[in-house]
Amino acid sequence: MNPISLTRIVELVGGTIESAVLDSGDSEITGINTLAAAGGSELAFLANQKYLNELETTRAAAVLVAQGTEVKSASLLIHVADPYLAFAQVQRLFYPESKASGCRHQSAVISESARLADDVDVGANAVIGDDVVVAAGSRIGPGCIIGDRVTIGSGCLLHAGAIIAHDCMLGNEVYLQSGAVIGSDGFGYAWSGSQHVKIPQVGRVILEDDVEIGANTTIDRGAIEDTVIERGVKLDNQIQIAHNVRIGAMSVMASQVGISGSTEIGRGCQFGGQAGVAGHLQIGDGVRLAAKSGVMSDLEAGGVYAGAPAMPHRLWLKVSALTLKLPELWKSRSR
Amino acid sequence: MNPISLTRIVELVGGTIESAVLDSGDSEITGINTLAAAGGSELAFLANQKYLNELETTRAAAVLVAQGTEVKSASLLIHVADPYLAFAQVQRLFYPESKASGCRHQSAVISESARLADDVDVGANAVIGDDVVVAAGSRIGPGCIIGDRVTIGSGCLLHAGAIIAHDCMLGNEVYLQSGAVIGSDGFGYAWSGSQHVKIPQVGRVILEDDVEIGANTTIDRGAIEDTVIERGVKLDNQIQIAHNVRIGAMSVMASQVGISGSTEIGRGCQFGGQAGVAGHLQIGDGVRLAAKSGVMSDLEAGGVYAGAPAMPHRLWLKVSALTLKLPELWKSRSR
Amino acid sequence: MNPISLTRIVELVGGTIESAVLDSGDSEITGINTLAAAGGSELAFLANQKYLNELETTRAAAVLVAQGTEVKSASLLIHVADPYLAFAQVQRLFYPESKASGCRHQSAVISESARLADDVDVGANAVIGDDVVVAAGSRIGPGCIIGDRVTIGSGCLLHAGAIIAHDCMLGNEVYLQSGAVIGSDGFGYAWSGSQHVKIPQVGRVILEDDVEIGANTTIDRGAIEDTVIERGVKLDNQIQIAHNVRIGAMSVMASQVGISGSTEIGRGCQFGGQAGVAGHLQIGDGVRLAAKSGVMSDLEAGGVYAGAPAMPHRLWLKVSALTLKLPELWKSRSR
């Protein structure tokens, strides 16, 4: 990690600073740290007002703050539209993605019929099946298992131990964290009167461009048609996506969420951890679900919901507060 | 996937159709699809009345429908007792299970003391421990790890990356999805006054015939006696089964359910997603739990429950509706 | 498993028995079993009063019971301060941990720059990255993947298929169950106005001494600083620990718990299954959370909480009881 000049950082984030500062000479920034931990050559950021008081005591050389932030600080304040975004941009400068270099570990098992671009990396003990196609710049970690006929776009990163079952498709810049399972069988049985008859799950999973899938998250292949995760979706760890679900572009879900079969989630949704959505539902664009919500019916676009069964968040706030007053309510009841 | 004649399909599912139809000559069905997506040579099915209106517009050659369904449709209607079961039966005809062929990938590590039937398949980089026994027709996927002294019956299918710890036993026709862990240590400690003393977990996990275990589901080995999953049980993805649990035959659980230690679940139970059951409980046969239920006491056979703590489903419906009226109730309280 | 003399067992657990018993000659104990299943040469224990009635019918040679337990039993009663702890101690005598023997499977891929103590075991198809350090007595199971620059202390046990990402640190006597993922990327993005910009996650995960991590549990690396699991913490299966969380020493969590980013959990806490804690919170020492709790605010040390949103357990008991009376309350309301 090489130092980066303050001037370059200010330019990158489109920040404004007191002009007098740079006149006195540029300085080298050696890294990013929290307000509390930053040393004198490091950059910090204030993205959560909870940490505002740390601005006075931080030793950081400079701090990314929102426009309009006027706090006495020994550090140089760099005013930006969005300090968290600016932090992300600078951190990506300090830690650029590793590039694929065409390194194939000799212990990897790669089918002769697989077609990998020249620079694709394959880690130790990875397994790549028949007729797999992997485009340029992708990196496949150690112990990954890629089933037959899987296609993987360019610039993808599969961390150690990710698994993709046969025939699934990944777009470009798709990231899989360790232990993610893409394309397990959907949970489909018909009752014969004496046993559960397994229904062959013959659809695929399609992960569009810029999708990221968390550690040990599982995404089932479709029963007949495909399970589709649209571009830019980010799924945290230990999420379960059942067969034939579609998740709209740019939606984000925190860990341990579960989405039941054939439900369609809109674009730009945000789901809190441990939320669950029943099957065959339509969730509109931009819906926000609080953690632990349980959704049992269609939800209109743009709404904010909480509780199980899920209700509008405002109502939930009232109901939650009044639930605590049930003892009082009980005492005051008419008899 | 070869085409199958309509006549054969009608016979297989025990369906009834207008007799005039077949007199005009048999037709070849090329596959199964949804009502909305089926092409003119495909079969569709109507198992969920939600999609009834699609019957009028489908282009399917024929549609599996429940007896008594009388809807105007350009498609041939095949009346059956259970369209979903019929769909399963036909789909299994189109997609018969692959057969084991005795293929052992050279990268697999198979202990010399393991005894595998001749036709058992072993995928790339799989590891099979000492004294493992695998019966005829079983297929072990790439990257699977089978601990010492595990026994696996006939016709089993272990998808890529499934793990079975030492001494566990699988019956016949057991399916493990990717990332399933069978036989991890149960969570058992005794507090010494200064630390948690780990209790050796020396029981096994026994999966009886026709059990299927979902992706990344974990089943802990018993502390002393065994954890037992009886025949025909189907567990979805990311379920947690603690040590010494017993799950009765034919029970079905949706994803992310958790069953705590030493609890016994009856036969033919159905649990919705994210439900949880506390330890040392007795759950009767045929109990149905709604998604997200939290069970803290024994439940009698045949009941339907919801909520946390779980209550009879009918009461839960009332309580859930009245919870939304808490603001009204609060306003109208006596003071 | 060799037999152990009753005398040795009584000494080990600091138990008291009727003195007349040993005068009549020592006996050999062949193992531990439950009260119901124990044979005539086995030891049993009574740790849960639910099974008290089995004391009369057990065939066990001897039973570990709490001081003051006076029940008619054909078995010899060994009175101890804590029967469950005594059971753990004796079971560990019957099942001592296997010792590392320096066995490296030839299929394991071990970087030339890795430094492993002589007696470290490495299982089949395990992968050990560059500059990894593993101290004496540690055992690395088959299929484990250890990223570059990871350090592992002495006496650790990594079950099959555990994954540790680059730069993470394990103390001594750390146990990882199968499928555990240590050091996956934290879930951090900044919204650019058109896409989610991934924030490089450059912190580590640190597991201190005597930590045990359950099967398929995931622990994300810190965004900037580290995620820290302090000594003696025990995490069950399928738990999710987000980036920059700190869990205090000796805390214990049951399966499927989720802890959101930057939350700090105190020492000696106990969390029930499927509980969830929001981000950036402070949970005091010794806090106990009931299963399925949902915590949205800081919690003071020593409290017991339940419900979602979490409330004091006593209040939750009242509220839960009164919730069932909502129909009655509704009928009796003033109109």
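No experiment lies behind these values; they were computed from the predicted model shown.

Conventions used here
- Residues numbered from 1 in each chain as written.
- Chains lettered and ligands numbered in written order.
- Predicted model: local features only at pLDDT ≥ 70, side-chain atom pairs only at ≥ 80, totals over all residues.
- Contact = placed C-beta atoms within 7 Å.
- Helix = DSSP H or I, 4+ residues; strand = E, 2+ residues; numbered from the N terminus.
- Nonpolar A, V, L, I, M, F, W, Y, C, P; charged D, E, K, R; others polar.
- Pairing = 2+ DSSP bridges.
- Axes fitted to C-alpha atoms, helices over the stretch in contact; angles between N-to-C directions.
- Least-squares fit on C-alpha atoms with pLDDT ≥ 70 in both.
- Domains from an automatic or database assignment.
- Parallel < 35°, antiparallel > 145°, perpendicular 65-115°, else oblique.
- Left-handed = near helix turned anticlockwise from the far one by under 90°.
- Buried ≥ 20, exposed ≤ 12 C-beta atoms within 10 Å, placed from the backbone.

**Concerning the interface of chain B and chain A**
Reasoning step 1: Listed per partner, the contact involves 54 residues of chain B and 51 residues of chain A.
Reasoning step 2: Put simply, the parts of the chain that give the side of chain B that touches chain A at least two residues each are helix 3 (83-94), helix 4 (313-323) and helix 5 (326-331) of chain B.
Reasoning step 3: Classifying every residue of the side of chain B that touches chain A gives 20 nonpolar, 24 polar and 10 charged.

**Section: unusual backbone geometry**
Reasoning step 1: Cis geometry is adopted by the peptide bond preceding A:Pro309, which originates at A:Ala308 and carries an omega value of 0°.
Reasoning step 2: Inspection of the secondary structure puts A:Pro309 in the loop between strand 37 (304-306) and strand 38 (311-312).

**Some points on the sheet that holds strand 4 (residues 42-45) of chain C**
All names here are of chain C.
Reasoning step 1: Pairing in this open sheet of 4 strands is parallel, and the strands run 3-4-5-6 from one edge to the other. Edge positions in the sheet fall to strand 3 (31-32) and strand 6 (76-80), since each of these pairs with one other strand and no more.
Reasoning step 2: The pairing of strand 5 (residues 62-66) with strand 6 spans 5 bridges and is classified as parallel. In the sheet register, Ala66 faces strand 6, and the bridge partner there is Val80.
Reasoning step 3: Sheet strands in contact with helix 1 (residues 6-13) are strand 4, strand 5 and strand 6, and its direction is about 20° off that of strand 6.

**Focus: the relation of the copies chain C and chain B**
Think of it as a corkscrew move, a rotation about one axis and a shift along it, taking one chain copy to the other.
Reasoning step 1: Superposition record for chain C on chain B: RMSD 0.0 Å, screw rotation 120°, translation along axis 0.0 Å. As the rotation angle and translation indicate, the two copies are arranged about a three-fold axis.
Reasoning step 2: Little of the interface of chain C is mirrored in chain B, where only 17% of its interface residues again form contacts.

**Brief notes about the domain arrangement of chain A**
Reasoning step 1: If you check the domain split of chain A, you get domain 1 (4-94) and domain 2 (109-318).
Reasoning step 2: Relative to domain 2 of chain A, the C-alpha centre of domain 1 of chain A lies at a distance of 37 Å.

**Looking at the interface of chain C and chain B**
Reasoning step 1: Opposite the 54 residues of chain C that make contact, chain B presents 51 residues.
Reasoning step 2: For the side of chain C that touches chain B, the secondary-structure elements that each account for two or more residues are helix 3 (83-94), helix 4 (313-323) and helix 5 (326-331) of chain C.
Reasoning step 3: Ranked by residues supplied to the side of chain C that touches chain B, first place goes to helix 3 of chain C with 6 residues.
Reasoning step 4: Split by residue class, the side of chain C that touches chain B holds 20 nonpolar, 24 polar and 10 charged.

**Re the relation of the copies chain B and chain A**
Reasoning step 1: The two copies are related by a screw motion: chain B maps onto chain A through a turn of 120° and a shift of 0.0 Å along the axis, at an RMSD of 0.0 Å.
Reasoning step 2: A low fraction, 17%, of the interface residues of chain B reappear at the interface in chain A, so the copies pair through non-equivalent surfaces.

**With respect to the packing of helix 1 (residues 6-13) of chain B against helix 3 of chain B**
All names here are of chain B.
Reasoning step 1: Between helix 1 and helix 3, the least distance of the axes is 9 Å, while the angle of their chain directions is 130°. Comparing the axis directions of helix 1 and helix 3 gives the class oblique. The two elements helix 1 and helix 3 cross, and the hand of that crossing is right-handed. Contact residues: helix 1 offers Ile9, Leu12 and Val13, while helix 3 offers Ala86, Gln89, Val90 and Leu93.
Reasoning step 2: Here the residues of the contact of helix 1 with helix 3 sort into 6 nonpolar, 1 polar and no charged.

**A closer look at the pairing of strand 4 (residues 42-45) of chain B**
Remark: a regular strand shows side chains that alternate across the two faces of the sheet.
Residues and elements named next belong to chain B.
Reasoning step 1: Residue alternation in strand 4 divides its side chains into two sets, Glu42 and Ala44 and Leu43 and Phe45, and both sets are buried.
Reasoning step 2: One ladder, built from 2 bridges, connects strand 3 (residues 31-32) with strand 4; its direction is parallel. Each residue of the ladder has a partner; that of Ile32, found in strand 4, is Leu43.
Reasoning step 3: With 3 bridges joining them, strand 4 and strand 5 (residues 62-66) adopt parallel strand pairing.

**Some points on the sheet that holds strand 5 of chain B**
Neighbouring strands of a sheet are bound in pairs by backbone hydrogen bonds; such pairs are parallel or else antiparallel.
Residue and element names in this part refer to chain B.
Reasoning step 1: The strand order 3-4-5-6 describes an open sheet built from 4 strands, whose pairing is parallel. Two strands in the sheet have a free side with no partner beyond their single neighbour: strand 3 and strand 6 (76-80).
Reasoning step 2: Taken strand by strand, helix 1 contacts strand 4, strand 5 and strand 6, and its axis lies near 20° from that of strand 6.

**Focus on the environment of A:Asp130**
Residues and elements named next belong to chain A.
Reasoning step 1: Positionally, Asp130 belongs in the loop between strand 10 (127-128) and strand 11 (133-134).
Reasoning step 2: The partly exposed category is assigned to Asp130, around which 13 C-beta atoms lie within 10 Å.
Reasoning step 3: Once the C-alpha coordinates of Asp130 and Gly161 are considered, the two residues, 31 residues apart in sequence, prove to be 19 Å apart.
Reasoning step 4: Residues contacting Asp130, with those up to four places away along its chain left out, are Ser111, Ser113, Ala114 and Asp148.

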